[in-house]
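Listed below, chain by chain, are the residues.
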Amino acid sequence: MAAKGGKQGRPGSGLPGRKAAAEQEEQEQPLQAVLVADSFNRRFFPVTKDQPRALLPLANVAMIDYTLEFLTSTGVQETFVFCCWMASKIKEHLLKSKWCRPTSPNTVHIITSEMFLSLGDVLRDVEAKSLVRSDFLLVHGDVVSNIDIGPALQEHRQRRKTDKNVSVMTMIFKEASPGHRSRCEEDDVIVATDSRSQRILHYQKTLGTKRLQFPMNVFRSGSEEFEIRHDLLDCHISICSPQVAELFHDNFDYQTRDDFVRGILVNEEILHNQIHMHVTDGYGVRVSNLLMYDSVSSDLVRRWVYPLTPEANFTDQKGQSCTFSRHNVYRGSGVSLGHGSQMEENVLIGRDTSIGANCHISNSVIGSSCTIGDNVHLDHAYIWNDVHIASNVTISQSVVCDRVVVKEGVTLNKQCVLAYNVVIGPAVTLGGGTVVSMHHPEEEEEEEEDEFQSDDAEVGHNKDRTRLKAFNPKEVGAEGRGHIWRPSSLDEAEEEELSQCLWAGLVLKTDPESDSEDSEPDGPDEPLIPSPEMDDVKVFQLEVLGTLQRGQEENISCDNLVLEINSLKYAYNISLKEVLQITTRVVLDYPFQQQGSQPTPSQYAALLLPLLKKWAPVFKNYVKRAQDHLDCLSALEEHFLEHEGHWGAMVKVLMQMYQLEILEEDMIHRWFSQGASTDQSRKLRRNQGLQKFIQWLEEAEESSEEDGE
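Residues numbered from 1 in each chain as written. Predicted model: local features only at pLDDT ≥ 70, side-chain atom pairs only at ≥ 80, totals over all residues. Heavy atoms only, no water.

Turning to the packing of helix H19 (residues 626–642) against helix H20 (residues 647–659), a few remarks are in order. The N-to-C vectors of H19 and H20 enclose an angle of 160°; their axes lie 10 Å apart at closest approach. By the angle class used here, H19 and H20 are roughly antiparallel. Like other packed secondary-structure pairs, H19 and H20 cross with a definite hand, here right-handed. Residue-level inspection shows Cys632, Leu633, Leu636, Phe640 and Leu641 of H19 in contact with H20, the latter providing Trp647, Ala649, Met650, Val653, Leu654 and Met657. (Axes fitted to C-alpha atoms, helices over the stretch in contact; angles between N-to-C directions. Helix = DSSP H or I, 4+ residues; strand = E, 2+ residues; numbered from the N terminus. Parallel < 35°, antiparallel > 145°, perpendicular 65-115°, else oblique. Left-handed = near helix turned anticlockwise from the far one by under 90°. Contact = heavy atoms within 4.5 Å.)

On to the environment of lysine 174. Residue placement: lysine 174 occurs in strand S8 (residues 167–175). With 61 residues separating them in the primary sequence, lysine 174 and cysteine 235 have C-alpha atoms 6.8 Å apart. Apart from the residues within four sequence positions on either side, lysine 174 is in contact with Asp231, Leu232, Leu233, Cys235, Thr280, Asp281 and Gly282. Polar side-chain contacts of lysine 174 include one of 3.2 Å to the backbone oxygen of glycine 282. (Polar contact = N/O pair within 3.5 Å; in protein donor to acceptor, adjacent residues only side chain to side chain.)

Before going further, it helps to spend a moment on helix H7 (residues 243–250). Every buried residue of H7 is listed here: Gln243, Val244, Ala245, Leu247 and Phe248. The inward-facing, buried residues of H7 abut helix H5 (119–128), helix H6 (150–162), S8, strand S12 (232–240) and helix H8 (257–266). (Buried < 20%, exposed > 50% of the residue type's maximum accessible area, 1.4 Å probe, protein only.)

Before going further, it helps to spend a moment on the environment of leucine 690. Looking at where leucine 690 falls in the secondary structure, it is placed in helix H23 (residues 688–708). As a C-alpha pair, leucine 690 and tryptophan 647 span 43 residues in sequence and 8.5 Å in three-dimensional space. Among residues more than four places away in sequence, those in contact with leucine 690 are Met650, Val651, Leu654, Trp671, Phe672, Leu684 and Arg685.

A few words on the packing of aromatic side chains. Any two aromatic rings considered together are summarised by their centre-to-centre distance and by the angle between their planes. Overall, the coordinates contain 16 aromatic pairs when judged by the stated rule. With centroids separated by 6.4 Å and ring planes inclined at 80°, the aromatic side chains of phenylalanine 45 and tryptophan 485 adopt a geometry described as edge-to-face. On the criterion of sequence distance, the pair formed by phenylalanine 45 in the loop between strand S1 (32–36) and strand S2 (57–58) and tryptophan 485 in strand S33 (residues 483–485) is long-range, its members being 440 residues apart. Phenylalanine 45 gets classed as buried once you look at its relative accessible area, which sits at 4%. Ring pairing ties together the aromatic residues Tyr293, Tyr382, Trp384 and Tyr420, which thus form one cluster. Cation over ring: arginine 303 sits above phenylalanine 324, and NZ or CZ is 4.1 Å from the ring centre. Across the ring face of tryptophan 671, the terminal group of arginine 685 is positioned such that the distance to the ring centre comes to 4.7 Å. (Phe/Tyr/Trp six-rings, centres within 6.5 Å; stacked < 30°, edge-to-face > 60°. Lys NZ or Arg CZ within 6 Å of the ring centre and 35° of its normal.)

For the rest of this paragraph, the subject is the packing of helix H17 (residues 601–614) against H20. H20 packs onto H17 with a crossing angle of 15° between their chain directions and a minimal axis gap of 9 Å. By the angle between their directions, the pair H17 and H20 is classed as roughly parallel. When you trace H17 past H20, the crossing you get is right-handed. Contact with H17, carried on its side by Pro601, Tyr604, Ala605, Leu608, Leu609, Leu612 and Lys613, involves Ala649, Lys652, Val653, Gln656 and Met657 of H20 and no other residues of that element.

This next bit is on the state of the cysteines. Counted according to the given criterion, the structure contains zero disulfides. Lacking any disulfide linkage, cysteine 84 is separated from the closest cysteine sulfur, that of cysteine 83, by 7.2 Å. (Disulfide = S-S within 2.5 Å.)

Pairing is parallel across the open sheet formed by six strands, whose spatial order is S17-S20-S23-S25-S27-S30. With one partner strand each, in any of the chains shown, strand S17 (336–337) and strand S30 (423–424) form the two edges of the open sheet. Judged from the two bridges that link them, S17 and strand S20 (residues 354–355) form a sheet pairing that is parallel. Paired with serine 336 across the bridge in S20 is serine 354. (Pairing = 2+ DSSP bridges.)

Following this line, the structure appears as structure tokens:
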């Protein structure tokens, strides 16, 4: 070693030599990585009762292969893969892969132990065995990325050189606005940083947080300028100095990376350690739940993670190659397509898969050796390997695992999961969020007697512990095999509740009988998890309501309100038509939101008319074309059809919007004459007050024409 050689040098000349030699040695050290092939949570239960998360297929490739390809392409030459539960399966997969070939530029060392119960345990083992010699990358086995770490690594090393190893970690972030499809709600963070040095001053997750608190040291940090950012996506990629493993070894309270970050920030003045961040424009995401699985799968098929594309076959596996054609359609070898079947866009089909006649497939991934019958509709469906789907089946935004059989006439609504070897049908419809597994939920109670349990726990292989339970034909069909999984009781802490959910933030299918007061939170502090029906449009509507409420309370200008509504439009991917109609409905509903009791028509008009006058510029920003007027009037009609007792106030509202020049008389006439499509709509148009208003408009128009002559 060069450093040892320096110690043998002559007195008086060795110090500079040792320093230079140490720097040269660090530069020459191969870049290392620590890859943790365990999640230490149960986010993918019960799917991971049969297969570890790191080996679950993502666009027909095991997740861990994406992580290893990223590490290798970014220059990592030595990777330590820590396998915990189901270690034998992960080890077998890696030994057969290209990563363990003699020609691999990245030497992979597989370390297995069932004693690893957290990231902290892994890094303490790294320190105990002295595995890392210089800076290293820290990632989990479900990270998908094409980021070039070079610039961030260079910045990290330069900081360590100039600040005498004060910087112990550089966290990689990507700019992504709140609501971006690649952002996981569980990982949303607020980060305060020094604008010049990019030193992290404060780091806080925002899930379930209604109020943000910043410690005073953020404002007393001595920074000339600092930023508070909520537009960052945590890529879960960290550049670590060797001191990170030492600090984990010395602090047994550190179990997760979040624990470490909090500990360093709180004790910065004592330990003199700092954490920095690097913002990249590359792609980096952790597949932490099935919503992220859906998002990342779509990004891979749409080629947002180039060069990690389906046809690249970067794993170098025999039979894995496929052809790429327009509209992002990929077909493996031996794929057969029946007459009249259409692969519309963003479709990946694995080798030796057979598809019947008159099928419609879009935004879906199908594995190898699958059989699909006639008249099958797949949209955002993720069909793994050796799956048999009979005719007349519809699957929407759902996951179907290996060796599942879906009988004829089955419908899977959004966010269903069929775990390994399940049989469903025939002629069964599964509601949104249904999870079916061959493992009975009561097995869970037996396994919870163990002191520790992981998402990747190797369970279900001990036949002595598995109790055979009768399948319920009402749930899974007359020929079905499997058990419906339901969430634990709703009175647990939020973390425990979320840990039972495959689709993060969404509760699994509940008992219909329990859909009552028992499902309501027990107290004001009880976290309320949104239901599957809380889609982007509904969330957007709530956000617009909050924006207008804040605008009213803080007297925010209409220009700024429009900016906020537009930012929400892009965040939730809402069309302009929906923006206009939702904003109209929110404004018309506003008096009901503010009034504790049901207001009378006169009270309603008295509350609403000043708001229309105040927010008229907001409406005018969106009501410009003829169709915009009709969309606005359609939303107004829809609102008053739901509030028949307030039809008397409708005329005053229309008059106000006409006088404020939000709506034009021609468009009001057009809406009135041709918009009636239901009996209730026709009844509305027969309202005496509305007819008098229309008549007044006609007379006013004739009068203006006569004056013009």
